[in-house]
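Fold and geometry: a report
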Amino acid sequence: MKSFYVIVLILKQIWSIPTKHKDFEHMYVLKCLSYLFISSIYSIFIGVTVPLGAIIMLFIFVVDKHNKRVKFSMILTGVMVVFLSSTNFSTFITPIYSLYLENSIDNLTRIEVHSYSTTYEQFLFDVYEPQELQKWYDILENSEPIPTWNYKTVPKSNGYKLTIHTLDGIQTIILSNTILNNKNLFFGDYYIPFYNSQLLDMIHKEHPVNPEVLTINVSTESIINISNATILDTLWEIIIWSDKEDIDNFVQDNFTIPAYLFFDTNLGCRLFFSYDFKQAYIEDQGVISLPTQFHSMMYEQFTLSQQSIVNKFRQFTPIHTSAQVNNNTNFYIEPNENGLFFGLYRADYINQDKIFLHSVESLESQVFVLKSPYLILLDQKSASLSDLLLINQNIPESHRYVVKNQNILSHSVAICPQNTNFIYIENNQDISTLFYVNNYYQSPKPIASGAIKDCVFLSDNLVAFTQKLQGDNLLCVYDTQINKIVKYTHIPGELYFIDSYNNQILFAIQNIENLDLKEGIFILNSDLSIISADFNKTSLY
Amino acid sequence: MLLLITFLACYIFGIRFFIIDTPKITIYSSNTVSKIDSIRTTINLENIPGEYYILVYDENPESKWRYYNVQNDLNREIINTFLPANVKEYVLFEGNKNISKFSFDIISTATVNYLNNNKTVFHLQLIIPYSPFMLPTFYFNSYYTFNIEPLL
């Protein structure tokens with residue numbers, strides 16, 4: 001629009017050149033045109049726009065004798081063009097906005113800070129000490145106006161509302177938590193836009209938004225501590241910014257689980273959870289509903305904390321299969337007559353004999369039976385080197401090396417319920433990798449790597465494994481059909497798989513808490529839910 | 001000429017002090033039945049204006065959201081004015097008086113570890129153009145943010 005205006009102005013002046021011709025002059029038109037166009041030249045000198053051309057033409061104008069009026073108007077037009085080209089909307093409006101803000105917040109008496117969202121507001125704190133008010137004034141004054149030519153932003157995101165009380169009246173400022181189109185501060189009834197980089201931090205100093213830990217007292221002896229930052233931040237966001245249900249409908253008996261949200265300042269919040277963690281009651285404020293992810297996570301953590309105190313931890317043998325007890329007595333490893341080498345033999349009850357299948361490096365090697373006629377042989381060559389072979393019983397000479405010369409954790413080898421696919425964990429110095437084999441003719445597929453400790457099949461499509469990540473123990477479930485991890489649960493303690501059968505996994509959690517040894521038994525179902533099981537249960541069969 | 005300019009100047013300054021009634025928006029997300037790891041987000045409006053646009057995006061490129069089941073409108077002016085330069089994936093709906101509901105599906109290809117430990121904040125801009133008597137269009141932009149819970 002500005003260029004349009006400039007063109008119109010220039011054309012209008014050019015049109016008026018012949019009409020204003022007064023004295024006779026050589027090349028009159030050319031001279032006027034040159035006055036006009038040279039006066040439009042400008043340069044920027046130390047940040048200031050200088051109409052260089054106009055100044056030069058002014059000197060020439062003084063010496064020129066004819067048609068002074070026209071030529072002066074050409075120079076003025078040139079200056080106009082310079083002015084229009086070098087300024088824009090922002091240069092006008094920015095100082096106006098800043099001045100408006102400064103005037104409105106002069107003579108501060110009090111600032112009230114509330115949480116602000118489209119549905120809920122809550123008073124947080126106020127500032128009234130003169131020294132503190134001065135600090136706030138300085139920060140507010142430093143807001144940078146962000147005018148926009150063709151649109152106006154109305155903030156509707158979570159943030160804070162500041163009520164500024166001055167001697168002249170009350171003003172409102174909305175401060176948004178997120179930056180909306182480069183702006184975060186909206187002043188007054190008309191949402192005049194600014195950007196302020198310090199105000200949010202100032203508010204967070206008084207009223208932080210990052211809780212440190214949520215402590216839940218599930219019983220007199222048992223406490224759950226949740227310190228996952230995302231979960232805590234989301235919970236606090238709901239407490240501060242979401243709608244509350246009326247206290248009138250509140251029944252204390254439904255909210256039996258007390259909890260406390262700690263911050264690294266004096267701020268704290270006491271809540272009472274309902275038994276299923278779907279709601280929480282906050283004193284004097286009301287009842288909040290927790291999002292699905294949150295309450296299912298919390299309920300699960302609550303379940304996992306149901307552990308009994310024991311004198312000694314039990315030891316569990318590694319599990320390898322998820323089907324019915326695999327009758328493995330047909331296969332065994334023993335040395336030959338001379339004791340020179342070992343072999344894998346199949347017992348032949350008909351002939352009362354044994355059939356040699358394959359040579360084996362040591363007695364520690366293990367054999368696992370897959371769907372007939374296949375076997376897996378984990379051949380232990382030394383303490384940290386093994387081979388994993390696939391053997392076809394009918395053609396034992398043609399074995400297939402799945403893995404050669406790697407450190408395979410023998411307790412980790414596991415076979416799916418259909419006895420076809422299998423998984424194992426390979427250790428490579430610091431990193432272990434979980435591999436999945438579903439096609440005997442292709443190389444094993446890596447599923448996860450890190451500090452992977454053990455693995456077992458939950459069902460034909462689901463692989464459960466334990467992993468240590470950043471100091472936390474995790475139980476993860478991987479779906480081999482969609483190639484993604486579908487469950488990811490923090491485990492309070494060390495997890496040991498006890499049994500896997502009928503699309504369920506029985507596992508134990510052992511934890512040392514305040515010098516007490518605690519142990520609990522749980523079941524993971526194929527719908528990924530975890531339930532508590534009887535302490536003495538050691539088999540799913 | 002001068003009259004025209006003063007009129008335009010008054011309009012341009014005056015329009016800033018004008019607040020229109022913006023529709024009320026509710027946003028909710030749920031799991032989709034068809035695909036196990038996609039999330040369907042539905043946006044409902046009340047008090048629908050005659051013409052409007054809805055622009056949705058996540059500013060964080062590391063969340064790697066992909067949008068499905070959506071037909072993006074191609075209004076270049078809206079995209080250039082309101083979408084931040086670094087955002088490549090977004091959803092732009094155009095609506096009118098008859099449409100009160102929009103939905104789209106999203107899937108993330110970021111790792112589970114990342115999703116579980118980082119908040120995902122989506123930006124939603126409701127843009128209502130306003131251009132009386134052929135004057136240059138002025139947009140009123142209601143700016144919302146919302147969270148989506150990852151599916152674990």
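The rules behind these values
Residues numbered from 1 in each chain as written. Chains lettered and ligands numbered in written order. Predicted model: local features only at pLDDT ≥ 70, side-chain atom pairs only at ≥ 80, totals over all residues. Helix = DSSP H or I, 4+ residues; strand = E, 2+ residues; numbered from the N terminus. Rg over C-alpha atoms; globule rule 2.2 N^0.38 Å. Buried ≥ 20, exposed ≤ 12 C-beta atoms within 10 Å, placed from the backbone. Contact = placed C-beta atoms within 7 Å. Nonpolar A, V, L, I, M, F, W, Y, C, P; charged D, E, K, R; others polar. Pairing = 2+ DSSP bridges. Axes fitted to C-alpha atoms, helices over the stretch in contact; angles between N-to-C directions. Core = buried A, V, L, I, M, F, W, Y, C linked by C-beta atoms within 7 Å. pLDDT = per-residue confidence, 0-100. Domains from an automatic or database assignment. Expected span 1.5 Å × (residues − 1). Arc of directions from axis to C-beta.

Moving on, we come to the overall build of chain A. The helix and strand tally for chain A stands at 9 helices and 35 strands. Computed over its C-alpha atoms, the radius of gyration of chain A comes to 39 Å, more than 25% above the 24 Å expected for a compact globule of 541 residues. With respect to the three principal axes, the spread of C-alpha positions in chain A is 135 × 65 × 35 Å. Counting all 541 residues of chain A, 31% fall into the buried class. Considering only intrachain contacts with a sequence separation of at least 6, the fraction spanning at least 24 residues in chain A is 46%.

The next thing to look at is the interface of chain A and chain B. Interfaces are frequently sized by the accessible area removed from exposure as the parts join. Across the boundary between the two partners, chain A contributes 25 residues, which contact 27 residues of chain B. Listing elements by their share of the side of chain A that touches chain B, those giving two or more residues are β6 (151–155), β8 (169–180), α8 (229–241), α9 (292–304) and β31 (484–491) of chain A. No other element matches the 5 residues that β6(A) contributes to the side of chain A that touches chain B. For the side of chain A that touches chain B, the per-class residue count stands at 11 nonpolar, 9 polar and 5 charged.

All names here are of chain A. Pairing in this open sheet of 6 strands is antiparallel, and the strands run β12-β11-β13-β14-β15-β16 from one edge to the other. Both edges of this open sheet fall to β12 (223–226) and β16 (286–289), since each of them pairs with a single strand only. Neighbouring strand axes in the sheet, compared pairwise and without regard to direction, differ in orientation by 25 degrees on average. In this sheet, β12 lies alongside strand β11 (residues 213–217) in antiparallel orientation, the contact comprising 4 bridges. Bridge pairing links N217 to I223 in β12.

Now for the nonpolar core. Within the largest apolar cluster, 62 residues are counted, with the highest numbers of intra-cluster contacts made by A:I376, A:C455, A:V463, A:A464 and A:F507. If near-sequence neighbours (up to four positions away) are discounted, A:V463 is found in contact with A:I423, A:Y436, A:I447, A:C455, A:F457, A:L458, A:Y478 and A:T480. Membership of the second largest hydrophobic core comes to 23 residues, among which are A:L180, B:I43, B:V56 and B:Y143.

Turning our attention to the sheet that holds strand β3 (residues 51–58) of chain B. Reading across the sheet, the 5 strands line up as β6(A)-β8(B)-β7(B)-β3(B)-β5(B) and stay open at both edges, with mixed pairing between neighbours. With one partner strand each, in any of the chains shown, β6 of chain A together with β5 (91–96) of chain B form the two edges of the open sheet. Neighbouring strand axes in the sheet, compared pairwise and without regard to direction, differ in orientation by 20 degrees on average. Inspection of the sheet shows β6(A) paired to strand β8 (residues 138–147) of chain B by 5 bridges, in the parallel sense. Paired with A:T153 across the two strands is B:N141, which belongs to β8(B).

The subject of this paragraph is the pairing of β3(B). Residue and element names in this part refer to chain B. Of all 8 residues in β3, 7 are buried, a share of seventy percent or more. Note that β3 and β5 share 6 bridges and pair antiparallel. Residue pairing in the sheet places Y52 in a bridge with G95 of β5. Summarising the sheet, β3 and strand β7 (residues 121–130) pair through 6 bridges and their orientation is antiparallel. Residue pairing for β7: I54 is matched across the bridge by L126.

Here we take up the confidence of the model for chain B. Of all residues in chain B, 86% have pLDDT values of 70 or greater, and the mean over the chain is 79. Reported confidences for the modelled complex are a pTM of 0.74 and an ipTM of 0.88.

When two helices pack together, their arrangement is captured by the angle between the axes and the distance separating the axes. All names here are of chain A. At a minimum axis separation of 7 Å, helix α2 (residues 28–39) and helix α3 (residues 52–63) run at an interaxial angle of 140 degrees. Residues Y35, I38 and S39 of α2 form the contact with α3, whose own contacting residues are G53, A54, I56 and M57. When the residues that make up the contact of α2 with α3 are grouped by side-chain class, the tally is 5 nonpolar, 2 polar and no charged.

With respect to the helices and strands, the residue B:N141 is situated in strand β8. Apart from residues lying up to four places away in sequence, B:N141 is in contact with A:Y151, A:K152, A:T153, A:V154, B:F82, B:Q125 and B:I127.

As a further point, take the environment of B:P129. All names here are of chain B. By the element assignment, P129 lies in strand β7. A residue is classified by how many C-beta atoms lie within 10 Å of it, and P129, with 18 of them, is partly exposed. Aside from chain neighbours lying at most four places away, what touches P129 is E51, T137 and Y139.

Examined at the domain level, chain A breaks down into domain 1 (2–87), domain 2 (91–206), domain 3 (213–305) and domain 4 (331–532). One C-alpha centre belongs to domain 1 of chain A, the other to domain 2 of chain A; they are set 45 Å apart.

Residue and element names in this part refer to chain A. Within the secondary structure, N405 is located in strand β24 (residues 399–408). By C-beta crowding, N405 is classed as exposed, having 12 other C-beta atoms within 10 Å. Setting aside residues no more than four positions away along its own chain, N405 makes contact with L385 and D387.

Right, let's talk about α2(A) for a bit. Residues and elements named next belong to chain A. End to end, α2 covers 17 Å across 12 residues, agreeing with the expected 16 Å (1.5 Å per residue, within 8%). C32, Y35, L36 and S39 are the residues of α2 that are buried. Down the axis of α2, the buried set is contained in an arc of 95 degrees. They therefore lie on one face. For α2, the elements touching its buried residues are α1 (2–19), α3 and α4 (68–86).

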